[in-house]
Amino acid sequence: MEKFSLKNKILIGVTLFSMFFGAGNLIFPPFLGAQAGTHTWSAFLGFAVSAVGLPILGVIAVTKSGGLEHLASRVHPGFSFVYIMILYLAIGPCLAIPRTASTSFSMAVVPFMPDGISAVIPQLLYSVVFFGAATAVAMHPEKLTEYLGKRLTPILLVLIIVLFAAGVIMTAGGNGVLDASGAEPAELYVKGAAVQGFLDGYQTMDTLAALNFGMIVALNIQAKGIKKEKAVIKETISAGWIAGALLLAVYGMLTYVGKISGITFAGAANGTEVLVDMAGILFGKMGTIILGVIFVIACFNTCVGLFSCCGKYFTEIFPKISYRGWVFVFAFVSMVISNVGLDMILKYSVPVLNAIYPMAILLIVLALVHRWLGRFRSIYPWTAALCGISSVFIVLDQNGIIIPGVTALIKMLPAYEAGFGWLLPTFVGAAAGILTDLIKKQTV
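Residues numbered from 1 in each chain as written. Predicted model: local features only at pLDDT ≥ 70, side-chain atom pairs only at ≥ 80, totals over all residues. Heavy atoms only, no water.

**Description of unusual backbone geometry**
Unusually for a residue other than glycine, M205 sits at a positive phi of about 65°. Take M205: it is sitting in the loop between α10 (193-202) and α11 (206-223). Of the residues examined, M205 reaches a relative accessible area of 6% and is grouped as buried. Phi is positive for A415, close to 70°, though the residue is something other than glycine. Here A415 shows up in the loop between α18 (406-411) and α19 (423-443). With a relative accessible area of 37%, A415 lands in the partly exposed category. (Helix = DSSP H or I, 4+ residues; strand = E, 2+ residues; numbered from the N terminus. Buried < 20%, exposed > 50% of the residue type's maximum accessible area, 1.4 Å probe, protein only.)

Written out as structure tokens, the structure reads:
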């Protein structure tokens, strides 16, 4: 087989969507809608670029480059090992995987617990069941299309559509309970709503995940009968576009739900509160059940996807431990963190994510322009060095760590306040890389 039927194309695309779509993807779009208010769709445009466009381009870039390790090795083999290790730990057992259990527990179990009951034991039991089930599914990474694409994700999509449709019907009824016009935008969205929306898209972490999910999708494509490398690449890219279309549609629906909540539920602290309030007003007590099921399915899908890609990578790097062994290790570590140490891990992991995110964007862009600039090999180490150094200094400044002289210089960079202070150093690195290779060519 060298080409999928339309049915199989959609199935693989839905599977990739399910791996992307987790707790953060549910929370951030409605909060953006509630906060941006009348500027919602300008902000959504920026959000779509970073939360949909970059992840799909990431899947395409890594697939065409022959894998993340091969792409990162263009900078340096040592850089490839260190960066990918940090990336997997950040989106895996140190942050994203524990968050899938803790978030789904807070949405699916806590609302039904009697007042005054400690959540310690119930959360422990829930995490054991949650990670146990996710581990069982992740033991067969080549069958994720069967578990996620065919069974769980369609239920998730139907429930989100029901939530959106109920919001549309209620606002169309003109009963005054909800207002489709949106509230006054929060300060961050008054000026440069699209830029703020772009930065909001970082929080989904999907661009980082995209650098890793491609190989799991390719594995599922091969399991369905396509073996030739070019055909696998083509079908993986096709799955990326389908997943992107689904992400865009679902984000749009969730953002609309958040927008119509802005006036009635002003002051919501986060996207979780927005969804809880909206589910309650749209469906009453049944809304809590619907929302709980949505969160459990979304978090479970992402957890399985992360177990699979992390397990595959660490098995390749440390083959003395089997794939099954690594999945068990990640499940145990994630269970412990989700119960006792997630807040502390979040405190230290978020700055790490902010530091490595620009590098992920850089690698994606370099992969996409490799056809034209690939002959200038020095571009990779130069841009990576200046992008990485500037990103680290920016994060240090954001966390109150001042380096005399350096911090003041970093703050002078164009677009620093907008969150893109790393752009100019990266462009300088590209110019330096091209110049270096031109000089080498003339002296040879």
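Alright, that's what it looks like, and here's the rest.
**Let's talk about the packing of aromatic side chains**
Applying the stated criterion to the full structure yields 23 aromatic pairs. Ring geometry for Y88 and Y313: centres 4.4 Å apart, planes at 10°, overall stacked. In this pair, Y88 sits in helix α5 (residues 77-91) while Y313 sits in helix α14 (residues 285-317), placing the two residues 225 residues apart along the sequence. Each ring, one from Y88 and one from F314, has its centre 6.4 Å from the other, and the planes form 80°; the classification is edge-to-face. Of this pair, Y88 sits in helix α5 while F314 sits in helix α14, placing them 226 residues apart in sequence. Using a relative accessible area of 3% as the deciding quantity, one classes Y88 as buried. By relative accessible area, F314 is classed as buried at 4%. A connected cluster of aromatic rings, assembled from ring pairs, spans Y88, Y313, F314, F318, W326 and F330. (Phe/Tyr/Trp six-rings, centres within 6.5 Å; stacked < 30°, edge-to-face > 60°.)

**Side note on the packing of helix α2 (residues 23-36) against α14**
Interhelical geometry of α2 versus α14 gives an angle of 130° and a closest axis separation of 7 Å. Here α2 lies oblique to α14, going by the angle between them. Note on element contacts: α14 touches α2 through I294, F295, A298 and C299, opposite A23, L26 and I27. Tallied by class, the residues present in the contact of α2 with α14 amount to seven nonpolar, no polar and no charged. (Axes fitted to C-alpha atoms, helices over the stretch in contact; angles between N-to-C directions. Parallel < 35°, antiparallel > 145°, perpendicular 65-115°, else oblique. Contact = heavy atoms within 4.5 Å. Nonpolar A, V, L, I, M, F, W, Y, C, P; charged D, E, K, R; others polar.)

**Remarks on the nonpolar core**
Core analysis: the biggest nonpolar cluster contains 138 residues, and F20, F21, Y83, F131, I160, L208 and F307 have the highest contact counts within it. With 17 residues, helix α15 (residues 323-368) is the single largest residue contributor to this core. Not counting residues within four places of it along the chain, the set of residues in contact with F21 comprises L26, L156, I160, L247, V250, Y251, L254, A298 and T302. (Core = buried A, V, L, I, M, F, W, Y, C linked by side-chain atoms within 4.5 Å.)

**A short note on the state of the cysteines**
If you walk through the whole model with that rule in mind, you get zero disulfides. Cysteine C303 is unpaired, with the sulfur of C299 as its nearest cysteine sulfur at 8.8 Å. Not engaged in a disulfide, the cysteine C310 finds its nearest cysteine sulfur in C309; these two sulfurs lie 4.4 Å apart. A residue is classified by how much of its surface remains accessible, and C310, at 0% relative accessible area, is buried. (Disulfide = S-S within 2.5 Å.)

**Topic: α10**
Helical periodicity: at 3.6 residues per turn, an α-helix aligns residues three or four positions apart in one direction. Of all the 10 residues making up α10, seven are buried; the element is thus mostly covered by neighbouring parts of the structure. Within α10, the full set of buried residues consists of A193, Q196, G197, F198, D200, G201 and Y202.

**Considering the side chain of T236**
Structurally, the position occupied by T236 is in helix α12 (residues 229-261). Of the polar contacts made by the side chain of T236, one reaches the backbone oxygen of V232; its length is 2.7 Å. Residue contacts for T236: discarding those within four places in its chain leaves V59, T63, G214, V217, A218 and I221. (Polar contact = N/O pair within 3.5 Å; in protein donor to acceptor, adjacent residues only side chain to side chain.)

**Some thoughts on helix α1 (residues 6-20)**
Between the first and last C-alpha of α1 there are 21 Å, a value that for 15 residues agrees with the 21 Å anticipated at 1.5 Å per step. Summarising burial for α1: 12 of the 15 residues are buried, a large majority. Listing the buried residues of α1 in full gives N8, K9, L11, I12, G13, V14, T15, L16, F17, S18, M19 and F20. (Expected span 1.5 Å × (residues − 1).)

**A few points about the packing of α11 against α14**
The interhelical angle for the contact between α11 and α14, taken along N-to-C directions, is 95°, at an axis separation of 9 Å. Judged by the inter-axis angle, α11 sits roughly perpendicular to α14. Contacts between α11 and α14 pair N212, F213, M215, I216 and L219 from the former with G305, L306, S308, C309, K312 and Y313 from the latter. In terms of residue class, the contact of α11 with α14 is built from seven nonpolar, three polar and one charged.

**Description of the environment of V304**
As for its placement among the helices and strands, V304 is situated in helix α14. For V304, a relative accessible area of 0% corresponds to the buried category. If we skip the residues at most four places from it in the chain, V304 touches A134, V137, A138, L144 and L148.

**Examining the pattern of salt bridges**
Opposite charge on two side chains lets them pair, provided their charged atoms get close. By the definition in use, this model includes two salt bridges. In this structure, the salt-bridge partner of E235 is K9, at a minimum N-O distance of 3.0 Å. One end of the pair, E235, is in helix α12; the other, K9, is in helix α1, with 226 residues separating them in the sequence. Each member of the pair, E235 as well as K9, carries the same accessibility label: buried. Taking the shortest distance from any N to any O, the salt bridge between K411 and D397 comes out at 3.8 Å. Within this pair, whereas K411 is found in helix α18, its partner D397 is found in helix α17 (residues 379-398), the two being separated by 14 residues in sequence. On the basis of relative accessible area, K411 is assigned to the partly exposed category, the value being 46%. (Salt bridge = Lys/Arg side-chain N within 4 Å of Asp/Glu carboxyl O.)

**Some words on a nonpolar patch on the surface**
Where nonpolar side chains cluster on the molecular surface, the patch consists of F81, V82, I86, F318 and V352 and spans about 390 Å² of accessible area. Among the elements that make up the nonpolar patch, the one with the highest residue count is α5 (three residues). Checked against the element boundaries, V82 lands in helix α5. (Patch = residues over 30% accessible without salt bridge, like charges linked within 9 Å, V, L, I, M, F, W, Y side chains within 5 Å. Areas by Shrake-Rupley, 256 points an atom, 1.4 Å probe, with all protein chains shown as cover.)

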